[in-house]
Amino acid sequence: MISGAVRDELIARYGEPHRRYHTMTHIEDCLAQVAASTDFSDEERSLMDAAIWFHDAIYDATRHDNEAQSAKLAADRLTAEGASPVFIEEVSRLILLTAGHSVESDDAIGARLVSIDLSILGASPERYDAYAAAIRYEYGHVPEALYRAGRAAVLGRFLESERLFADPVWAERLEAQARANLAREIAALTA
């Protein structure tokens, strides 16, 4: 569904110099998790692959509409590629879910997408620390004291949630490590 020209454009976007976490490494990790998901139909796999490719295509840490802009880019490029309106609408919906990582209880594909997007939270402590440092770099425009308070607040809201991962398989596999990572980062940010 994604042609070589569009793929090249996306790879270039993920290589922008202001990015450290929202890069092709993140996209490749997410795509690998989709590939390892054996419970998808061909249509669901196509939707997930497209949503993963586009979900962080527009990324500027000084803006609050990255997901909406990424969904617009996806709709534009997928229209040009000849995708059906139904496919485009669903890819756009999935991308928009990554703004708040909240899904309805009956949205299995949405639950999988947001869980895959957040899977770094349940990574090994070393990988998580590299992620946290990369996010700090991307928010380099924010003064240290403000960053620490803001990041601790965001992570605290994650910890307060009943479940970090909407997909039950990801929750079972990653929840405990993710909570430990978040608590550790919050402690470091508030020390």
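Now for a description of the structure that goes with this document. (Residues numbered from 1 in each chain as written. Predicted model: local features only at pLDDT ≥ 70, side-chain atom pairs only at ≥ 80, totals over all residues. Heavy atoms only, no water.)

**Structural notes on the overall build of the chain**
Right, on to step 1. Looking only at helices and strands, the chain has 9 helices and 0 strands in total.
Right, on to step 2. Across its three principal axes, the chain shows a C-alpha extent of roughly 55 × 35 × 25 Å.
Right, on to step 3. Every one of the 191 residues in the chain was classed for burial, and the buried ones make up 46%.
Right, on to step 4. Relative to all contacts within the chain whose residues are 6 or more apart in sequence, the contacts with residues 24 or more apart total 63%.
Right, on to step 5. Looking at the chain as shown, the accessible area adds up to about 9,500 Å², and 57% of this sits on carbon and sulfur atoms.
Right, on to step 6. Between the mean site of the 19 positive side-chain charges and the mean site of the 32 negative ones, the chain shows a separation of 6 Å. (Helix = DSSP H or I, 4+ residues; strand = E, 2+ residues; numbered from the N terminus. Buried < 20%, exposed > 50% of the residue type's maximum accessible area, 1.4 Å probe, protein only. Contact = heavy atoms within 4.5 Å. Areas by Shrake-Rupley, 256 points an atom, 1.4 Å probe, with all protein chains shown as cover. Lys, Arg positive; Asp, Glu negative; His and termini not counted. Charge placed at Lys NZ, Arg CZ, Asp CG, Glu CD.)

**Observations concerning the nonpolar core**
It is characteristic of soluble globular proteins that their nonpolar side chains tend to be buried jointly.
Right, on to step 1. Counting residues in hydrophobic clusters, the biggest one holds 56 residues, and the most contacted among them are Leu-10, Phe-54, Val-91, Leu-121 and Phe-165.
Right, on to step 2. Ignoring sequence-local partners within four residues, the contact set of Leu-121 consists of Tyr-128, Tyr-131, Phe-165, Gln-177, Ala-178, Asn-181 and Leu-182. (Core = buried A, V, L, I, M, F, W, Y, C linked by side-chain atoms within 4.5 Å.)

**A word on the pattern of salt bridges**
Right, on to step 1. Here the structure, examined in full by the defined rule, presents 15 salt bridges.
Right, on to step 2. Residue Asp-39 is joined to Arg-112 by a salt bridge in which the shortest nitrogen-to-oxygen separation is 2.8 Å. Of this pair, Asp-39 sits in the loop between helix 2 (24-36) and helix 3 (42-54) while Arg-112 sits in helix 6 (residues 108-117), placing them 73 residues apart in sequence.
Right, on to step 3. One connected set of salt bridges, linked through shared partners, spans Glu-9, Arg-13, Asp-76 and Arg-77. (Salt bridge = Lys/Arg side-chain N within 4 Å of Asp/Glu carboxyl O.)

**Some words on the packing of helix 2 against helix 3**
Between two packed helices, what matters for the description is the angle formed by their axes and the separation of those axes.
Right, on to step 1. In contact at an axis separation of 9 Å, helix 2 and helix 3 are set at 170 degrees when each is read in the N-to-C sense. Considering their axes alone, helix 2 and helix 3 lie roughly antiparallel with respect to each other. Two secondary-structure elements touch here, helix 2 through Met-24, Ile-27, Cys-30, Leu-31, Val-34 and Ala-35 and helix 3 through Arg-45, Met-48, Asp-49, Ile-52 and Trp-53.
Right, on to step 2. Taken together, the residues of the contact of helix 2 with helix 3 break down into 9 nonpolar, no polar and 2 charged. (Axes fitted to C-alpha atoms, helices over the stretch in contact; angles between N-to-C directions. Parallel < 35°, antiparallel > 145°, perpendicular 65-115°, else oblique. Nonpolar A, V, L, I, M, F, W, Y, C, P; charged D, E, K, R; others polar.)

**As for the environment of Arg-19**
Right, on to step 1. The residue Arg-19 is located in the loop between helix 1 (4-14) and helix 2 in this model.
Right, on to step 2. Among all residues touching Arg-19, those that are not within four sequence positions of it are Arg-13, Tyr-14, Asp-56, Ala-57, Ile-58, Tyr-59 and Glu-138.
Right, on to step 3. At 3.0 Å, the side chain of Arg-19 forms a polar contact with the side chain of Glu-16. (Polar contact = N/O pair within 3.5 Å; in protein donor to acceptor, adjacent residues only side chain to side chain.)

**Focus on helix 1**
Right, on to step 1. For helix 1, every residue scored as buried is listed here: Val-6, Leu-10 and Tyr-14. Looking straight down helix 1, one finds that the buried residues subtend no more than 75 degrees of arc, so they occupy a single side. When the buried face of helix 1 is taken as reference, the exposed residues oriented beyond 90 degrees from it are Ala-5, Asp-8 and Ala-12.
Right, on to step 2. The inward-facing, buried residues of helix 1 contact helix 2, helix 3 and helix 4 (66-80). (Arc of directions from axis to C-beta.)

**Section: the environment of Asp-117**
Right, on to step 1. With respect to the helices, strands and loops of the structure, Asp-117 is situated in helix 6.
Right, on to step 2. In this structure Asp-117 comes out as buried when scored by relative accessible area, which is 10%.
Right, on to step 3. Here Asp-117 is in contact with Tyr-21, His-26, Cys-30, His-55, Asp-56, Thr-98 and His-101, once residues within four sequence places are set aside.

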